[in-house]
Amino acid sequence: MTTLRPKPVSQDTHAMPQQMTLPDWLAELTRAGGVPSGLASVAASMAAASVEIAAILRTAPVAGQVGLVGRVNVQGEEQKQLDIISNDIVVKYLEQNPEISILVSEELDEPLQFQNQGRYVVATDPLDGSSNLDVNVTVGTIFSILDAAGGLLQKGSAQLAAGYVAYGPATSLVLSFGASVVVFTLDADGRYVLTDTDVQVSEASAEYAINTARERFWDAATKGYVAENVAGETGASGKRHNMRWVGSMVADVHRILMRGGIFLYPLDSETVSKGGRLRLLYEANPMAFLVEAAGGKATTGRERLLDVVPTGIHQRIPVILGSAEEVGRVEAWYARG
Ligand code: AFP
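Residues numbered from 1 in each chain as written. Predicted model: local features only at pLDDT ≥ 70, side-chain atom pairs only at ≥ 80, totals over all residues. Heavy atoms only, no water.

**Student:** Tell me about the overall build of the chain, residues and numbers included.
**Tutor:** If you tally the helices and strands in the chain, you get 8 helices and 17 strands. Since a compact globule built from 337 residues should have a radius of gyration of about 20 Å, the 21 Å found for the chain is in line with a globular shape. With respect to the principal axes defined by its C-alpha atoms, the chain has extents near 70 × 60 × 45 Å. When each of the 337 residues of the chain is scored for burial, the buried share is 52%. Expressed as a percentage of contacts within the chain between residues at least 6 apart in sequence, the contacts between residues at least 24 apart total 61%. On the chain, roughly 15,300 Å² of surface is accessible, and the fraction owed to carbon and sulfur atoms is 52%. (Helix = DSSP H or I, 4+ residues; strand = E, 2+ residues; numbered from the N terminus. Rg over C-alpha atoms; globule rule 2.2 N^0.38 Å. Buried < 20%, exposed > 50% of the residue type's maximum accessible area, 1.4 Å probe, protein only. Contact = heavy atoms within 4.5 Å. Areas by Shrake-Rupley, 256 points an atom, 1.4 Å probe, with all protein chains shown as cover.)

Structure below.
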């Protein structure tokens, strides 16, 4: 009888080329004059916070860090233990950085003014998609970096940098200072390693993400666009579409950046009184900044998302973003009336 043995694996199979870490990449960018060192340090602080958040998420059920804390945030949403823990971690890292003066967080009713009179403001959702935690689905940290001189209520186009961290099977840091979008992956030693240097959203796609349970609240443009997709090759779009909705914006946007598609959380008759569902400063703006930097488009349906002048730090906004061609189709529906 022959014994099946695994083939011996040569050491060379596992040999990896020298990979660039986040600190090295930021240092190189700074040296090349691409970004000021202070701005790079703010991105590094958010990355450091996310490494600690990732470690906590990995074993949260074992440590009993699950469930609600019995409080609601300024959005009227129930806060989970991990929302609060993640917010505390972000505060801890940002307050140590002399370059940062103010933090706007989904979990804090008011802006948090640090002792430091730094040049930068950070707006963040420390743990977006937290209703997915109980079912072990990808969640994320989203952040936006602004020049403090411009105040808190700046258009998204004024962002100096934006990024998110997707806590999924791998932990991915997706970052842009405006020129390109890069991806770092957290390695086993807790270091972010560069794994994609120039993310491009494919111009065309046949994958759309929307919560279809809300159809009865939709406006005519959303109904028209989705009906065309459902009709597939027999309808006006002329191609078969597929639908994906994780219900965790970071996971949905990450999929779109990696393989194209469109994400829609439009204004509907139920959210109209609040201005939309998603938050402008720390959800819509950073994601729109990344999508545009990767060659995609982002709109409210009626105007470019990055041109919206905020009126409040927790303001909500309709969000439609992704592959340029698909977003263009939605814009065409809105332009009809
Ligand atoms: P939670 O942080 O409360 O889980 O909300 C997640 C989110 O803000 C965003 O990440 C999702 O895209 C969106 O809400 C999902 O909303 P619906 O539950 O209405 O589909």
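That shown, we press on.
**Student:** Tell me about the sheet that holds strand 12 (residues 242-243), residues and numbers included.
**Tutor:** If you trace the 5 strands from one edge of the open sheet to the other, you get 12-11-13-17-15, paired in mixed fashion. Each edge of the open sheet is held by one strand with a lone partner, namely strand 12 and strand 15 (297-299). With 2 bridges connecting them, strand 11 (residues 207-209) and strand 13 (residues 262-265) associate as parallel partners. Bridge pairing links Ala 209 to Phe 263 in strand 13. The strands touched by helix 5 (residues 220-231) are strand 11 and strand 13; relative to strand 11, the strand with the most contacts, the crossing angle is about 140°. (Pairing = 2+ DSSP bridges. Axes fitted to C-alpha atoms, helices over the stretch in contact; angles between N-to-C directions.)

**Student:** Lay out the site of the ligand with the relevant residues and their values.
**Tutor:** The immediate surroundings of the ligand are formed by 15 residues, with Asp 128, Gly 129, Ser 131, Met 249 and Tyr 265 found nearest. Take Gly 129: an N or O atom from its main chain is 2.9 Å from an oxygen atom of the ligand. Between the ligand and Arg 277 there is a distance of 2.9 Å, counted from an oxygen atom to a side-chain nitrogen or oxygen. About the coverage of the ligand: the protein hides 84% of its 480 Å² of free accessible area. Elements with a contribution of two residues or more to the shell around the ligand: strand 13 and strand 14 (278-279). Across the shell around the ligand, the residue classes break down as 5 nonpolar, 6 polar and 4 charged. (Near = heavy atom within 4 Å. Polar contact = N/O pair within 3.5 Å; in protein donor to acceptor, adjacent residues only side chain to side chain. Nonpolar A, V, L, I, M, F, W, Y, C, P; charged D, E, K, R; others polar.)

**Student:** Report on the pairing of strand 3 (residues 100-105), specifying residues and quantitative values.
**Tutor:** The buried count for strand 3 comes to 6 of 6 residues, which makes it a mostly enclosed element. Judged from the 5 bridges that link them, strand 3 and strand 5 (residues 120-128) form a sheet pairing that is parallel. Each residue of the ladder has a partner; that of Ser 105, found in strand 5, is Thr 124. Across 2 bridges, strand 3 lies against strand 4 (residues 112-113) in antiparallel orientation. Bridging across to strand 4, Leu 103 finds its partner in Leu 112.

**Student:** Kindly report on helix 7 (residues 280-293), identifying the contributing residues and their values.
**Tutor:** With 13 of 14 residues buried, helix 7 lies mostly within the body of the structure. With its phi angle positive at about 90°, Gly 295 sits one or two positions after the end of helix 7.

**Student:** Quick one: what's the story with the pairing of strand 7 (residues 161-167), residue by residue and with numbers?
**Tutor:** Among the 7 residues in strand 7, 7 count as buried, and that is most of the element. Going residue by residue along strand 7, you find Ala 161, Gly 163, Val 165 and Tyr 167 tucked away on one face and Ala 162, Tyr 164 and Ala 166 tucked away on the opposite face as well. When strand 6 (residues 139-147) meets strand 7, the two strands line up antiparallel, connected through 7 bridges. Across the sheet, residue Val 139 finds its bridge partner in strand 7, namely Tyr 167. As defined by bridge partners, strand 7 adjoins strand 8 (residues 171-176) across 6 bridges and the pair is classed as antiparallel.

**Student:** Give me the lowdown on the packing of helix 5 against helix 8 (residues 324-335), citing residues and values where you can.
**Tutor:** Between helix 5 and helix 8, the shortest axis-to-axis distance is 8 Å and the interhelical angle comes to 135°. What the angle tells us is that helix 5 and helix 8 run oblique. The hand of the helix 5/helix 8 crossing is right-handed. Along the contact surface, helix 5 presents Ala 220, Ala 221, Thr 222, Gly 224, Tyr 225, Glu 228 and Asn 229, while helix 8 presents Glu 326, Arg 329, Val 330, Trp 333 and Tyr 334. (Parallel < 35°, antiparallel > 145°, perpendicular 65-115°, else oblique. Left-handed = near helix turned anticlockwise from the far one by under 90°.)

**Student:** Break down the packing of aromatic side chains for me, with residues and values.
**Tutor:** Evaluation of the coordinates by the stated rule reveals 4 aromatic pairs. Seen in terms of ring centroids, Trp 245 and Tyr 265 are 6.0 Å apart; in terms of plane orientation they differ by 55°. Their pairing is tilted. A residue pair is termed long-range when its members are at least 10 positions apart, and Trp 245 in the loop between strand 12 and helix 6 (249-259) and Tyr 265 in strand 13 qualify at 20 residues. Residue class for Trp 245 comes out partly exposed when judged on its relative accessible area of 27%. A network of ring pairs unites the aromatic residues Trp 25, Phe 177 and Phe 184 as a single cluster. (Phe/Tyr/Trp six-rings, centres within 6.5 Å; stacked < 30°, edge-to-face > 60°.)

**Student:** Break down the sheet that holds strand 9 (residues 181-186) for me, citing the residues and quoting the values.
**Tutor:** Sheets are built from strands that pair by backbone hydrogen bonding, the pairs being arranged parallel or antiparallel. Sheet architecture is open: 8 strands sit in the order 4-3-5-6-7-8-9-10, paired in mixed fashion. Both edges of this open sheet fall to strand 4 and strand 10 (192-196), since each of them pairs with a single strand only. Of the strands in this sheet, strand 5, strand 6, strand 7, strand 8 and strand 9 are in contact with helix 6, which crosses strand 7 at around 105°.

**Student:** Any chance you could break down the environment of Ile 102 for me, citing the residues and the numbers?
**Tutor:** Here Ile 102 lies in strand 3. A relative accessible area of 16% means that Ile 102 is categorised as buried. As a C-alpha pair, Ile 102 and Asp 252 span 150 residues in sequence and 29 Å in three-dimensional space. Excluding residues that lie within four positions of it along the chain, Ile 102 makes contacts with Pro 111, Leu 112, Gln 113, Phe 114, Tyr 120, Val 121, Val 122 and Leu 152.

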